[in-house]
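Structural features, examined
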Amino acid sequence: MTDLTQLGVKAIRDGVAGGDFTAREVAESFNAAVAGASALNAFIVATPDHALSAADAVDARRAKGEDLGKMGGVPIGMKDLFCTDGVQTTAASHILEGFVPRYESTVSRKLWEAGAGMLGKLNLDQFAMGSSNETSYFGNVSSPWRKEGANAAMSPGGSSGGSSAAVAARIAPAATGTDTGGSIRQPAAFTGIAGIKPTYGRCSRWGVVAFASSLDQAGPMARSVEDCAIMLEAMAGFDPKDATSLERDVPAWEAGLDANLKGKRIGIPREYRMEGTDQAILDSWEQGKAWLRDAGAEIVDVSLPHTKYALPAYYIIAPAEASSNLARYDGVRYGLRDLPDGSGLQDMYAATREEGFGDEVKRRILIGTYVLSAGFYDAYYTQAQKIRALVARDFEEAFASCDAILAPTTPTASFPLGENSDDPLAMYLNDVFAVPASLAGLPAMSVPAMLNPDGLPLGLQIVGKPFDEQGVLNAGLAIQQRAGFDAAPEKWW
Amino acid sequence: MSEYHIKGTTGEWEVVIGLEVHAQVTSNAKLFSGAATAFGAEPNSQVSLVDAAMPGMLPVPNRECIRQAVRTGMAIEAEINAWSRFDRKNYFYADLPQGYQISQLYHPLVGEGSLTIEADEKAGIPDDKIIGIERIHVEQDAGKLMHDQHPTMSYVDLNRSGVALMEIVSRPDMRSPAEAGAYVRKLRSILRYVGSCDGNMEEGSMRADVNVSVRKPGEELGTRTETKNVNSVRFVMQVIEYEANRQVEVIENGGSVDQETRLFDVASGTTRTMRSKEDAHDYRYFPDPDLLPLELDEDFLAECRASLPELPDAKRARYEGELGLTPYNARELTAEVETFARFETLLAETAQATGKGEKDIATPVANWALSVAPGVMKSLGEDANPSNATAKAQARILAMQDKGEISGGQAKEIYEIVLRDGGDPETIADEKGLKQVSDTGAIETAIDGIIAANQDKVAEYRGGKDKLFGFFVGQTMKAMQGKANPAVVNQILKDKLDG
Amino acid sequence: MAATRAASARGMSVTREEVAKISNLARIRMTDGELDRMVPELNKILDWVEQLGEVDVTGVEPMTAVIPNTLRLRADEVDAIPETAGGRRDDVLANAPAAEHGFFGVPKVIE
Ligand SMILES: [Mg+2]
Ligand SMILES: [Zn+2]
């Protein structure tokens, strides 16, 4: 029998539906893979029982001839930013250690309703703040990938690093991610998998631990564009509990997949040719153009003049929102409480938050507090929101002459854990290509393109018009078919 | 006394007062969650995951709360901002689960408006005065802290957390405790007319932050203090009185007033610095990224306007102008929703019972409603059964009086019986003989007897001593044992004496 | 960008005292060592974001909604959606570090 852990979402779903194997067999295989991969530290907690009972339910439905759902029989990893009823949810922080929600996030609920099961809660950068998965209270996540001929532990990217590592290592066929400034696309690129951040408002934010509300979007991470399309269909949809949720039907993305790009124009933003970008990255970008041209698209030059300012604007807006969003972690209603002897309420807050938050979280809360404080609000926050409007306008103008934009996902391939951790600014630059689309709320995806000379994966990014996930997926599919990326990390864990 | 001044050792001081009134919006559910708003529930029983600020929870605004705030804005003829936003006000406190209050700073729902407080000579308000209202914004209420249940802990109840408030911010246009009191009463009346707030100050549905400063007349504004959460008109006036005098004393003793938040102590009638809010706040307001801009369309605004009732000022003017009521009666009847509602019901019933137009009977109905009926009720005390005080019964009494079947005194007597024992007014009038005699024959007979017995007085009267007419009326009424219809008595007497 | 100019005049840098003040505003207790470490880190980031001052934003409105969308309003119904309904005190208190008699307990506050 085939190793079921080598299968992706579509293959598992179709195999279970077709009776090639049972959902329970799939869940058992992946549960075993998860149990055997603790060296990756991809999971904060494993939930094998959840996976098994979801699988049994699917098998029972199949026995009765009922519909198995869009994700019927597929066990997935759940980023530990999604609140899961009865299962610890920590956002990889100490301050939420032991927190067990009595509610289920909309996205995870939809996935369970679509027949998926949960292998466990995936590690991430603490409160999704980080680009390397080195800020988790529960330890770094290791990428399954290593540089050729080296055995330094590499970064799986962040913040959805547990998700990317798990999918790349084949211990989960797919995982949820969240993307605030690149947190789906960058880790996907680092680990040779696909991931899509949909248009802001497609996936409900209800029950997702908030980082920066105006940017946060959930999305799927999987090994193929098809798998992403399937899973996104299950995750997306209007939610009356989220005031920013889009009141739109979920398109049939899977059925709409079409790699023929005839008549499509793909824009190449000239400002993305930045200093410090790896030659291999630039080469992959050239290759991407050729692939898309081959798929029938016309390649056009476009300009996104404010690209340079997107990242610094992001590092004002996201921390500002975070400083407020994270104020609720105060030791009163849930999570950690540090109450030094004889201390009052305000001392308790300060001690709890000192103890409960990691350095990067504190850094961003402080930056956010500073830029919102009296006398600085306009200079920083208002200015950043104006620049954000300009970044969005750049895209709007570019989309007048193209249907989608092709760019590298990251300026470099993955790096060894620890390499950038002393220099927050260097770390932030990881998201230089990913952040503009986040600021503009646009759908954007990373698909694996090739390996660099060190044998590490590189991703290509497609950014689409608002609501045009289909266009993004189709361009991704065209690249996927031509890239033929089938490299997998060698198992060392 | 037309101007309220504090006499200090260095001269007279003027008091400048602005009020921020927090009024709980009447709604079933909270501003951003589906939890109930009812008063007095078990602790934390009306708390949703959203109100407790659990991780990942999001606000979705309640249409009715927005609607009520807009209607309130319309009632004070304020600018309604069809585009507004919610902002977060960030600070840490145990009654504030999110670590921020969702409020509106930069783009409030309601802009500039005003209300008029009426002249009240006795209270020291010589003329009607317009008080500016800067804005009304919508925001979340906080939870409640209980300090006396445990030796070392305070307890947090989040039932109120997330309940919708309107913050109604006045201009610093008031100059005396009386003006501030009149402002709060008038505002309360408007809110209750509109139905946007029940105005129940004891339950905290309405409370005021009282901003007070003092200055020498004509000088720049002084430093103000803000006394929080004052929950009665009387207390608002006490706070101003106390704060104004305290500030004058501080300044005259060479000190300066700190801009600070203070608390009112009901027992002592004084204010004191609020210790928990000691550190200077930097609220870091910014637009709530969980909420998009609030855009109201024409239909929504039109419905808000169309659903507004007649408001106190308009109603008062109509009572005076159309119904011909005295200014006093008009003001008294329109002050409270219950009062005018009772009056208008009684007026309609009485018009029906008499077959007359409302304006023809408005004055006796107003007098009845304001003084006669409450007087009877009061004199009966415990013996009165308020459920017998139906509009129908009262209208029938008033109709009998209007037709001359009963006198004013009989009306009171009948009403007393109705209130005490219930029963049908006409039957009571018949059975207890509480009816006037309008039978001209009987009255004529009595009058003839009186004229015959008082020929000297008749002569004096006819000689020009008009005042004696009252004597003949009195004698006639006495002879009729008070049951003669005075109008008939007057007519017959006139005919006989003048004829 | 007047405020940036003002800030630039001071080299756009935060002092130790300012960081201490911010950390107090954010209710994050910091040791002297942490402060020493955080000050240059924050300054490096603030120096870097200062480039935003270069951008001419004349006539640009700050972004309010990332995707054109307006605020949806909810009907005034109690407990219409179970997940955002009241009446679930046990769920609300389930994770509280100190829950007593149906309340959340906090160290005594003096107002
Ligand atoms: Mg106030
Ligand atoms: Zn307020």
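What counts, and where the lines are drawn
Residues numbered from 1 in each chain as written. Chains lettered and ligands numbered in written order. Predicted model: local features only at pLDDT ≥ 70, side-chain atom pairs only at ≥ 80, totals over all residues. Heavy atoms only, no water. Helix = DSSP H or I, 4+ residues; strand = E, 2+ residues; numbered from the N terminus. Buried < 20%, exposed > 50% of the residue type's maximum accessible area, 1.4 Å probe, protein only. Contact = heavy atoms within 4.5 Å. Areas by Shrake-Rupley, 256 points an atom, 1.4 Å probe, with all protein chains shown as cover. Donors = N, O, S within 2.8 Å, 3.2 Å for Na, K, Ca; no water. Salt bridge = Lys/Arg side-chain N within 4 Å of Asp/Glu carboxyl O. Buried area = accessible area lost by both parts, 1.4 Å probe. Polar contact = N/O pair within 3.5 Å; in protein donor to acceptor, adjacent residues only side chain to side chain. Nonpolar A, V, L, I, M, F, W, Y, C, P; charged D, E, K, R; others polar. Core = buried A, V, L, I, M, F, W, Y, C linked by side-chain atoms within 4.5 Å. Pairing = 2+ DSSP bridges. Phe/Tyr/Trp six-rings, centres within 6.5 Å; stacked < 30°, edge-to-face > 60°. Lys NZ or Arg CZ within 6 Å of the ring centre and 35° of its normal. Expected span 1.5 Å × (residues − 1). Bend = angle between axes of the 7 residues up to and from the residue. Axes fitted to C-alpha atoms, helices over the stretch in contact; angles between N-to-C directions.

With respect to the overall build of chain C
Looking only at helices and strands, one finds four helices and two strands in chain C. Beginning at the N terminus, the succession of helices and strands in chain C can be written as α-α-α-α-β-β. Within the span of chain C, comprising 111 residues, buried residues form 49% of the whole. Sequence separation of 24 or more characterises 39% of the internal contacts of chain C that already satisfy a separation of 6 or more. When the accessible surface of chain C is split by element, carbon and sulfur atoms take 52% of a total near 5,300 Å².

What about the coordination of the magnesium ion (ligand 1)?
Residue and element names in this part refer to chain B. Around the magnesium ion (ligand 1), the protein contributes the donor atoms Glu 20 (OE), Asp 209 (OD) and Glu 226 (OE), at 2.0 to 2.5 Å from the metal centre. Here the zinc ion (ligand 2) and the magnesium ion (ligand 1) are spaced 5.1 Å from one another. Here Glu 226 lies in strand β12 (residues 225–230) and Glu 20 lies in strand β2 (residues 11–24), a separation of 206 residues in the sequence.

As for the pattern of salt bridges
Residue and element names in this part refer to chain B. A full pass over the atoms with the stated rule returns 73 salt bridges over all chains. Close ionic contact of Arg 175 with Glu 14 constitutes a salt bridge, the shortest N to O distance being 3.4 Å. Here Arg 175, found in the loop between β10 (164–170) and α2 (177–194), pairs with Glu 14, found in strand β2; they are 161 residues apart in sequence, far enough to count as distant. Residue classification places Arg 175 among the partly exposed positions, given a relative accessible area of 21%. Since its relative accessible area comes to 14%, Glu 14 is described here as buried.

Things to note about the interface of chain A and chain B
Contacts between the two partners involve 37 residues from chain A, matched on the other side by 30 residues from chain B. Regarding the contact of chain A and chain B, the summed buried area is about 2,800 Å², with carbon and sulfur atoms giving 61% of it. Applying the counting criterion to the chain A and chain B interface returns one salt bridge. Here Arg 205 of chain A makes a salt bridge to Asp 290 of chain B, at a shortest N to O gap of 2.9 Å. Counting the contacts that link chain A with chain B gives 17 residue pairs in polar contact (both at pLDDT 80 or more). Among the secondary structure elements, those contributing two or more residues to the side of chain A that touches chain B are α9 (307–325), α10 (345–356), α11 (359–372) and α12 (377–398) of chain A. Considering only residue class, the side of chain A that touches chain B consists of 20 nonpolar, nine polar and eight charged.

A closer look at the nonpolar core
Residues Met 71, Ile 76, Leu 111, Phe 127, Leu 292 and Phe 395 of chain A are the most contacted members of the largest nonpolar core, which totals 220 residues. The contacts of Phe 127 of chain A, once residues within four sequence positions are left out, are Leu 81, Ala 91, Ser 93, Ile 95, Leu 96, Val 209, Phe 211, Leu 326, Tyr 329, Phe 357 and Val 361 of chain A. Among the nonpolar cores identified, the runner-up in size contains 109 residues, and Ala 23, Leu 31, Ala 182 and Val 236 of chain B belong to it.

Let's talk about unusual backbone geometry
Note: most residues except glycine have negative phi, and most peptide bonds are trans. A cis amide bond links Gly 158 of chain A with the next residue in sequence, Ser 159 of chain A, at an omega value of 5 degrees. By the element assignment, Ser 159 of chain A lies in the loop between β3 (117–122) and α5 (161–168). The phi dihedral of Asp 79 of chain C falls on the positive side, at around 55 degrees, and the residue is not glycine. Mapped onto the fold, Asp 79 of chain C is located in the loop between α3 (32–49) and α4 (89–93). Positive phi outside glycine occurs at His 101 of chain C, with the angle close to 50 degrees.

Here's the deal with the coordination of the zinc ion (ligand 2)
All names here are of chain B. In the first shell of the zinc ion (ligand 2), the protein supplies His 22 (NE2), Glu 139 (OE) and Glu 167 (OE), at 1.9 to 2.1 Å from the metal. Considered as a linear motif, the donors of the zinc ion (ligand 2) on their single chain read H-x116-E-x27-E. Overall, the relative accessible area of 9% leaves His 22 in the buried class. Looking at Glu 139, the relative accessible area reads 3%, which means it is buried.

What to know about the pairing of strand β11 (residues 457–464) of chain A
All names here are of chain A. Counting buried positions over the eight residues of β11 gives eight, a clear majority of the element. Residues Pro 457, Gly 459, Gln 461 and Val 463 line one face of β11 and the alternating positions Leu 458, Leu 460, Ile 462 and Gly 464 line the opposite face, and both faces are buried. Direction of pairing for strand β9 (residues 404–408) relative to β11: antiparallel, over a ladder of five bridges. If you follow Ala 404 over to β11, its bridge partner there is Gly 464. With seven bridges connecting them, strand β10 (residues 444–451) and β11 associate as antiparallel partners.

With respect to the sheet that holds strand β8 (residues 144–146) of chain B
Spatially, the four strands line up as an open sheet ordered β8(B)-β9(B)-β2(C)-β1(C), and their pairing is antiparallel. The open sheet has two edge strands, β8 of chain B together with β1 (99–100) of chain C, and neither has a second partner. The pairing of strand β9 (residues 153–157) of chain B with strand β2 (residues 103–107) of chain C spans four bridges and is antiparallel. Residue pairing in the sheet places Tyr 155 of chain B in a bridge with Gly 105 of chain C of β2 of chain C.

Overview of the packing of aromatic side chains
For the structure shown, the criterion picks out 32 aromatic pairs over all chains. Ring centres of Tyr 370 of chain A and Phe 376 of chain A lie 4.6 Å apart, and the angle between their planes is 35 degrees; this geometry places the pair in the tilted category. One aromatic cluster is present, formed by Phe 99, Phe 127, Tyr 329, Tyr 334 and Phe 357 of chain A through successive ring pairs. If you follow Arg 88 of chain B out to its NZ or CZ, it ends over the ring of Tyr 100 of chain B, 4.0 Å from the centre.

Details of the interface of chain C and chain A
Across the boundary between the two partners, chain C contributes 59 residues, which contact 80 residues of chain A. For the chain C and chain A pair, buried surface summed over both sides reaches about 5,800 Å², with 68% attributable to carbon and sulfur atoms. Considering only the side of chain C, the residues that lose the most area to chain A are Arg 29, Trp 48 and Arg 72 of chain C, jointly responsible for 13% of the buried surface there. Between the two partners, chain C and chain A, sit ten salt bridges. For Glu 34 of chain C, the salt bridge identified is with Lys 362 of chain A, shortest N-O distance 3.5 Å. Taken together, the connections running from chain C to chain A amount to 18 residue pairs in polar contact (both at pLDDT 80 or more). Elements supplying a minimum of two residues to the side of chain C that touches chain A: α1 (2–9), α2 (16–25), α3, α4 and β2 of chain C. Ranked by the residues each element gives to the side of chain C that touches chain A, the list is headed by α3 of chain C, at ten residues.

Re α9 of chain A
All names here are of chain A. Taking 1.5 Å of rise per residue, 19 residues should cover 27 Å, and α9 covers 27 Å from first to last C-alpha, within 8% of that figure. Taken as a whole, α9 carries its principal kink of about 30 degrees at Ala 313. Of all 19 residues making up α9, 18 are buried, and the element is well covered by its neighbours.

A word on the side chain of Gln 140 of chain B
All names here are of chain B. Summarising the element assignment, Gln 140 is placed in strand β7 (residues 129–140). Polar side-chain contacts of Gln 140 include one of 2.9 Å to the side chain of Gln 98. Those residues within four positions of Gln 140 in sequence are excluded, and the remaining contacts are Leu 31, Phe 32, Gln 98, Tyr 100, Gln 101, Ile 102, Gly 162, Val 163 and Leu 165.

Describing the sheet that holds strand β15 (residues 286–287) of chain B
An order of β5-β4-β15 (chain B) is seen for the three strands of this open sheet, with the pairing classed as antiparallel. Strands with a single pairing partner mark the edges of an open sheet, and in this sheet they are β5 (100–103) and β15 of chain B. Against the sheet, α9 of chain A contacts β4 (87–90), β5 and β15 of chain B, and its axis sits at roughly 60 degrees relative to β4 of chain B.

Thoughts on helix α14 (residues 468–479) of chain B
Residue and element names in this part refer to chain B. Across its twelve residues, α14 extends 17 Å between first and last C-alpha, which sits within 8% of the 16 Å expected from 1.5 Å per residue. Listed in full, the buried residues belonging to α14 are Leu 468, Phe 469, Phe 472, Val 473, Thr 476 and Met 477. Contacts from the buried residues of α14 go to α12 (440–453), α13 (455–462) and α15 (486–498). With its phi angle positive at about 55 degrees, Gln 481 sits one or two positions after the end of α14.

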